[in-house]
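Residues per chain, in single letters:
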Amino acid sequence: MTYSSALGDGPCLAGTFRAEFPSQTLHWSDTMFQIHGYQRGEVVPTLELLFSHKHPDDRQRCQEIVAKVLQTGGYFCMYHRITDAKGQIRHVLTSGDAIQDEAGNVIALEGILLDLSSTLRRETDQIARDAVVAATATRSIIDQARGILMGRLLVGSEEAFQLLVTHSSHRNVKLAAVAAEILRLAELPEGPAELDAAMQEMQARARTAKAKHRGRRHHHLESPALK
């Protein structure tokens, strides 16, 4: 028996194998057949069958590693993909070592193949959920900061947002960081003085940015090449 576990409650299949040389005879556990989409007795495992199930983008590298181990002996570990008999792509980790005779010739490869598909799906799903939560929190922070600017400067939503964007670009920091700083200043117990100073700085930078933009546009229109 081969025991394995994965993140969460999903299955984590693990199969064992032995490949004998020079006869190239393969012995698979029941789970090896299952991972490749078969039941024992449906096919005879061979090296040709084994490599035919490797993902086309991973097959050559797997073949190179096996060839190297057969030549020099040692341990091997390969993370790669396989396409099972049902067309399903599985992400697997193959690990094993070479068995050598007294003369140093490799007479067998023994190891384990672990199906990591369920673990990777769970981690990918969790990363996606965390990203959605983070994006929602970021939008909330930006919206709150924009509301503060609108209320204190008596400007519209778009102008308040552009103030945040300009300040973010000038300081080369993320927009969410600028918004978070506005919220922090708004919550200071000593009053709105620092917040007002920060907003005045933002307005000054916005005016400077607009002036530079107008200057570049005027120069472009007055260029002799355009007359």
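The structure presented is a predicted model; accordingly, all values stated were derived computationally and were not measured.

## Remarks on the overall build of the protein
Then step 1. Check the secondary structure of the protein and you find seven helices and five strands.
Then step 2. Helices and strands in the protein line up, N terminus first, as β-β-α-α-α-β-β-β-α-α-α-α.
Then step 3. A sequence separation of at least 24 residues applies to 47% of the contacts in the protein between residues at least 6 apart.
Then step 4. With the model as given, the accessible surface of the protein reaches about 14,300 Å², and the carbon-plus-sulfur share is 54%.

## So, the pairing of strand β4 (residues 89-100)
Then step 1. Two elements, strand β3 (residues 75-83) and β4, share nine bridges in a ladder whose sense is antiparallel. Looking at β4, one finds that Ile82 is bridged to Arg90.
Then step 2. Hairpin connection, β3 to β4: the antiparallel pair is bridged by five residues, and Gly87 has positive phi, about 90°.
Then step 3. Turn length for the β4-strand β5 (residues 106-115) hairpin, with the two strands adjacent in sequence and antiparallel, is five residues, and the turn residue Gly104 shows positive phi of about 90°.

## Some thoughts on the packing of helix α4 (residues 117-153) against helix α6 (residues 175-186)
Then step 1. Contact pair α4 / α6: the axes reach a minimum separation of 8 Å and the direction vectors enclose 55°. The angle between the axes of α4 and α6 places the two elements in the oblique class. Between α4 and α6 the crossing geometry is left-handed. From α4, Thr138, Ile141, Ile142, Gln144, Ala145 and Ile148 reach across to α6, where they touch Leu175, Ala176, Ala179, Ala180, Ile182, Leu183 and Ala186.
Then step 2. Of the residues that constitute the contact of α4 with α6, the class distribution is 11 nonpolar, two polar and no charged.

## Here we look at helix α3 (residues 56-72)
Then step 1. Taking 1.5 Å of rise per residue, the 17 residues of α3 would be expected to cover 24 Å, and the 25 Å separating its terminal C-alpha atoms lies within 8% of that figure.
Then step 2. The set of residues buried in α3 consists of Asp58, Cys62, Ile65, Val66 and Val69. Along α3, the residues classed as buried sweep out an arc of 100° about the axis, all on the same side. Across α3 from its buried face, at more than 90 degrees, point the exposed residues Pro56, Gln60, Lys68 and Gln71.
Then step 3. Along its buried surface, α3 packs onto α2 (47-52), β3, β4 and β5.
Then step 4. Gly73 sits one or two positions beyond α3 and adopts a positive phi of about 80°.

## Points about the pattern of salt bridges
Then step 1. One pass over the full model with this rule turns up nine salt bridges.
Then step 2. If you follow the salt bridges from partner to partner, you end up with Arg18, Glu20 and Glu110 in one network.

## Notes on the environment of Thr46
Then step 1. Here Thr46 is to be found in the loop between α1 (30-35) and α2.
Then step 2. Looking at Thr46, the relative accessible area reads 31%, which means it is partly exposed.
Then step 3. One polar contact links the side chain of Thr46 to the main-chain amide nitrogen of Leu49, over a distance of 3.0 Å.

## Describing the nonpolar core
Then step 1. Core analysis: the biggest nonpolar cluster contains 26 residues, and Leu26, Trp28, Ile35, Leu47, Val69, Phe76 and Leu109 have the highest contact counts within it.
Then step 2. Apart from residues no more than four positions distant in its own chain, Val69 is found in contact with Gly74, Tyr75, Phe76, Ala98, Val106 and Leu109.
Then step 3. Counting 21 residues, the second largest nonpolar core, distinct from the first, contains Ala145, Ile148, Leu185 and Leu195.

## A few points about the packing of helix α5 (residues 157-171) against α6
Then step 1. Across the interface, α5 lies against α6 with an axial gap of 9 Å and an inter-helix angle of 115°. Of the possible angle classes, the one that applies to α5 and α6 is roughly perpendicular. Considering how the two elements wind past one another, α5 and α6 form a crossing that is right-handed. The segment α5 lies against α6, with Phe161, Leu164, Val165, His167 and Ser168 engaging Leu175, Val178 and Ile182.
Then step 2. Of the residues contributing to the contact of α5 with α6, the split by class is six nonpolar, two polar and no charged.

Conventions and cut-offs
- Per-chain numbering applies: the sequence of each chain, read as written, is numbered from 1 onward.
- For a predicted model such as this one, the threshold for reporting local features is a pLDDT of at least 70, and the threshold for listing and counting side-chain atom pairs is 80 or more; totals across whole chains, interfaces and linings nevertheless cover every residue.
- Only hydrogens and water are set aside when side-chain values are computed; all heavy atoms of the structure are taken into account.
- Think of it this way: any DSSP run of H or I at least four residues long counts as a helix, any run of E at least two long counts as a strand, and we number them from the N terminus.
- Contacts are assigned to residue pairs with any non-hydrogen atoms lying within 4.5 Å of each other.
- Areas reported here follow the Shrake-Rupley algorithm with a probe of radius 1.4 Å; residue values treat only the protein chains shown as occluding.
- For two strands to pair, DSSP has to find at least two bridges joining them.
- Convention adopted: a line fitted to C-alpha atoms gives each axis, helices being fitted over their contacting stretch, and angles between N-to-C directions are expressed from 0 to 180 degrees.
- Roughly parallel covers angles under 35 degrees, roughly antiparallel covers those over 145, roughly perpendicular covers 65 to 115, and oblique covers all other angles.
- Crossing handedness: left-handed means the near helix sits turned counterclockwise from the far one by under a right angle, and right-handed means the same turn made clockwise.
- Basically, the charged four are Asp, Glu, Lys and Arg, the nonpolar ten are Ala, Val, Leu, Ile, Met, Phe, Trp, Tyr, Cys and Pro, and anything else, Gly included, counts as polar.
- One less than the residue count of a helix, multiplied by 1.5 Å, gives the span that helix is expected to have.
- Summary of the burial criterion: residues with accessible area below 20% of their type's maximum are buried, those above 50% are exposed, and those between are partly exposed, where the area comes from a 1.4 Å probe applied to protein chains only.
- Regarding the arc, it is the one traced by the directions from the helix axis to the C-beta atoms.
- Salt bridges are counted wherever a side-chain nitrogen of Lys or Arg sits within 4 Å of a carboxyl oxygen of Asp or Glu.
- Between N or O atoms, a polar contact is any pair within 3.5 Å; within protein, one atom must be a potential hydrogen donor and the other a potential acceptor, and residues adjacent in sequence are included only when both atoms are from side chains.
- Here the nonpolar core consists of buried residues drawn from Ala, Val, Leu, Ile, Met, Phe, Trp, Tyr and Cys, with membership extended through side-chain atoms lying within 4.5 Å.

Interpretation in functional terms is not warranted from these geometric data alone.
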